[in-house]
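Each chain is listed here by its residues.
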Amino acid sequence: MQGLMMQQPLLVASLLMHAERHHGAQEIVSRRIEGDMHRYQYRDLAQRARRMANALAALGIEPGERVGTLAWNGYRHMELYFAVSGSGSVLHTLNPRLHVDQLAYIIEHAEDRVVFFDLTFLPLIESVAPRVKSPKVFVAMTDRARMPQAHGLSSMLVCYEDLIDLHSDAFDWPLMDENSASSLCYTSGTTGNPKGVLYSHRSTLLHTYAAALPDSLNCSARDVILPVVPMFHVNAWGLPYIACMVGAKLVFPGPALDGKSLYELIETEQVTLSAGVPTVWQGLLSHVAEQEGAFSSMRRTVIGGAACPTAMTVRFQERYQVDVLHAWGMTELSPVGTVCSFKTSPSALSTTERYALQAKQGRSVFGIDMKIVGPDGEELPWDGIAAGDLLVRGQWVSRQYFGSDGAPPLRDGWFPTGDVARIDPDGFMQITDRSKDVIKSAANGSVRPTSRTSRACIRTSRVRCASPRGIRSGTNGRCCWS
Ligand code: AMP
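Residues numbered from 1 in each chain as written. Predicted model: local features only at pLDDT ≥ 70, side-chain atom pairs only at ≥ 80, totals over all residues. Heavy atoms only, no water.

By the naming in an unreviewed UniProt entry, the chain goes by Long-chain-fatty-acid--CoA ligase and is assigned to Caballeronia terrestris. Turning to the chain, the UniProt annotation filed under Sequence similarities (unreviewed entry) states: "Belongs to the ATP-dependent AMP-binding enzyme family." (UniProt positions renumbered as here; feature names shortened; annotations may be inferred.)

This is how it looks when you write it as structure tokens:
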């Protein structure tokens with residue numbers, strides 16, 4: 001017997017419609033490339049996203065076609081998150097820290113029809129443009145007064161604010177299959193060419209619900225959220241969607257990710273929750289220490305992308321009373337997989353127990369199941385001792401890479417993460433190593449075998465890649481986006 005409930009597809013545009021209707025006056029604050037602050041409300045975001053949706057249609061973008069963005073965290077990028085996905089095309093966020101060859105490869109592979117870019121990245125666009133055939137239009141995310149003279153761009157160069165001004169805000173977000181693609185993010189992987197992870201509306205919505213939960217990132221309408229993690233990497237860990245779902249104030253840092261700029265923003269905008277990788281927080285902590293400052297509003301920070309050093313957790317919590325939420329995820333997981341939130345009151349734990357627990361990457365959020373297996377594929381016990389390959393499955397885990405004609409990566413329906421981990425009896429997972437035996441040693445894609453010792457080196461040190469912008473780091477040698 002079928003249930004008798006309404007069938008409303010899980011669509012990205014519904015997040016924006018909710019935010020406009022129920023949290024229309026909530027603020028979105030962005031530090032712009034020019035250094036000044038831009039402020040508006042969710043209702044303005046929604047109105048401009050509808051204008052942009054009309055503009056995309058006028059540019060001839062069809063449902064399912066890819067639209068690239070090369071942009072910092074800011075309100076125009078946020079508008080594109082909804083205008084592109086909401087109108088049925090696919091938002092392809094490009095990582096500007098990749099080598100120009102990799103960027104060109106990704107744009108061609110995704111067949112981006114249009115690429116939107118922040119002015120910072122004009123030189124990069126000028127380098128990439130002659131190498132790619134697919135985008136016919138490049139859109140500078142600026143106003144008419146700041147439009148650049150682009151040399152070497154044979155494709156059409158369009159001004160973002162012109163598109164907004166020229167088009168009406170009368171647009172009905174289309175109903176579509178919730179399994180249709182909403183966004184695309186390439187992961188540089190450990191070997192070979194970057195691989196595209198293609199999210200669906202459904203996977204994005206389910207991830208949003210789960211990531212907002214109290215034992216996940218714990219977001220609410222009372223929060224002021226600062227996503228330092230870039231919008232070009234796994235949708236800024238889903239925070240732009242979460243903020244719309246819960247009606248939180250959003251604060252975007254733009255390109256200014258140094259400790260001083262972040263601290264000013266956190267204090268001025270009274271940020272309560274921030275999210276980023278350890279290297280970014282190192283800069284912030286050094287600055288606050290130099291200033292002998294304190295955090296007057298920030299109560300939580302999500303740290304992931306690489307293991308959070310215990311010294312950082314201690315510093316945040318004991319010196320500044322900011323709780324650290326250690327999280328683990330991957331591009332292929334949208335990205336949240338585990339979050340280290342306590343099962344009991346932290347006061348029930350000794351200081352040593354508490355920090356030992358917080359060094360772990362945490363427990364599964366509902367929607368993600370995980371297991372560790374030995375070399376024979378047999379599941380290993382959750383005893384906190386046995387370590388094996390970490391496999392996951394769930395509603396927001398990738399089952400195949402975009403445009404891949406190779407075999408799907410799944411093993412009996414489970415996604416092999418490439419991480420090695422142990423899991424304790426309470427379900428807290430801790431990464432101990434990588435299972436892959438090769439790393440990409442240079443931007444030309446060459447690979448070399450690594451011993452356990454050199455892998456350990458990669459985990460703990462930052463390794464320069466050949467890209468002038470790229471720094472390879474993290475546990476897996478993937479290009480770092482910190
Ligand atoms: P990416 O898909 O580029 O975000 O990289 C995902 C990989 O980053 C994971 O497979 C891990 O190797 C690593 N990673 C993410 N979060 C953590 C964490 N909290 N601790 C250690 N490694 C992490």
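Once you've had a look at it, read on.
Trainee: What exactly am I supposed to notice about empty space enclosed by the protein here?
Mentor: Gaps left between atoms show up when a probe the size of a water molecule is rolled over them. Using the criterion set out here, one finds 7 cavities of 30 Å³ or more in the structure. As a volume, the largest cavity reaches approximately 170 Å³. Lining of the largest cavity is provided by 18 residues; of these, Arg-32, Ile-33, Gly-74, Arg-76 and Asp-118 occupy positions nearest its centre. Of all elements in the fold, only strand E1 (27–31) and helix H3 (75–86) reach the threshold of two or more residues within the lining of the largest cavity. (1 Å grid on protein atoms, 1.4 Å probe; cavity = no way out; pocket = protein on both sides within 12 Å on 5 of 7 lines; lining within 4 Å. Points joined across faces, edges and corners; volume = space filled by probe spheres on them. Helix = DSSP H or I, 4+ residues; strand = E, 2+ residues; numbered from the N terminus.)

Trainee: Would you take a moment to explain the pairing of strand E17 (residues 368–373) for this structure?
Mentor: Every other side chain in a regular strand lies on the same face of the sheet, so the side chains alternate between the two faces. Within E17, 5 of the 6 residues are buried, which leaves it mostly tucked inside the rest of the structure. As judged from the 6 bridges shared by E17 and strand E18 (residues 388–394), these two strands associate in the antiparallel manner. Bridge pairing links Ile-372 to Leu-390 in E18. (Buried < 20%, exposed > 50% of the residue type's maximum accessible area, 1.4 Å probe, protein only. Pairing = 2+ DSSP bridges.)

Trainee: Hey, could you run me through the sheet that holds E1 in this one?
Mentor: Through backbone hydrogen bonds, the strands of a sheet pair up, either in parallel or in antiparallel fashion. Taken together, 9 strands build an open sheet; the order of strands is E2-E1-E11-E10-E12-E13-E14-E15-E16 and the sheet is mixed. Of all the strands in the sheet, the pair left with one neighbour each is strand E2 (37–41) and strand E16 (363–364). The pairing of strand E13 (residues 300–303) with strand E14 (residues 323–329) spans 4 bridges and is parallel. Counterpart to Val-302 in the pairing with E14 is Leu-325.

Trainee: Explanation requested: the nonpolar core in the structure shown.
Mentor: Nonpolar side chains tend toward joint burial in soluble globular proteins. Membership of the largest hydrophobic core comes to 112 residues, with the highest contact counts inside it found for Met-52, Phe-82, Phe-116, Trp-281, Leu-284, Phe-295 and Phe-316. Contact partners of Phe-316, with chain neighbours within four places excluded, come to Trp-281, Leu-284, Leu-285, Phe-295, Met-298, Thr-301, Ile-303, Gln-321, Val-322 and Val-324. Membership of the second largest hydrophobic core comes to 28 residues, among which are Phe-121, Leu-122, Cys-159 and Leu-184. (Core = buried A, V, L, I, M, F, W, Y, C linked by side-chain atoms within 4.5 Å. Contact = heavy atoms within 4.5 Å.)

Trainee: I keep staring at the packing of helix H7 (residues 201–212) against helix H9 (residues 239–246) and nothing clicks. Help me out?
Mentor: In helix packing, the relevant descriptors are the interaxial angle and the interaxial distance, both defined with respect to the helix axes. Two numbers describe how H7 lies on H9: the axes approach to 9 Å, and their chain directions differ by 70°. It follows from the interaxial angle that H7 and H9 lie roughly perpendicular. Between H7 and H9, the residues in contact are Thr-204, Leu-205, Thr-208, Tyr-209, Ala-211 and Ala-212 and Tyr-241, Ile-242, Met-245 and Val-246, respectively. (Axes fitted to C-alpha atoms, helices over the stretch in contact; angles between N-to-C directions. Parallel < 35°, antiparallel > 145°, perpendicular 65-115°, else oblique.)

Trainee: How do you make sense of the pairing of E13 when you look at a structure like this?
Mentor: Going residue by residue along E13, you find Arg-300 and Val-302 tucked away on one face and Thr-301 and Ile-303 tucked away on the opposite face as well. Pairing geometry for strand E12 (residues 273–276) and E13, over 4 bridges, is parallel. Across the sheet, the residue bridging to Gly-276 is Ile-303, located in E13. Crossover E12 to E13 through helix H11 (residues 278–291) is right-handed. This β-α-β element, E13 to helix H12 (residues 310–320) to E14, shows right-handed connectivity. (Right-handed = clockwise from strand over helix to strand, strands pointing away.)

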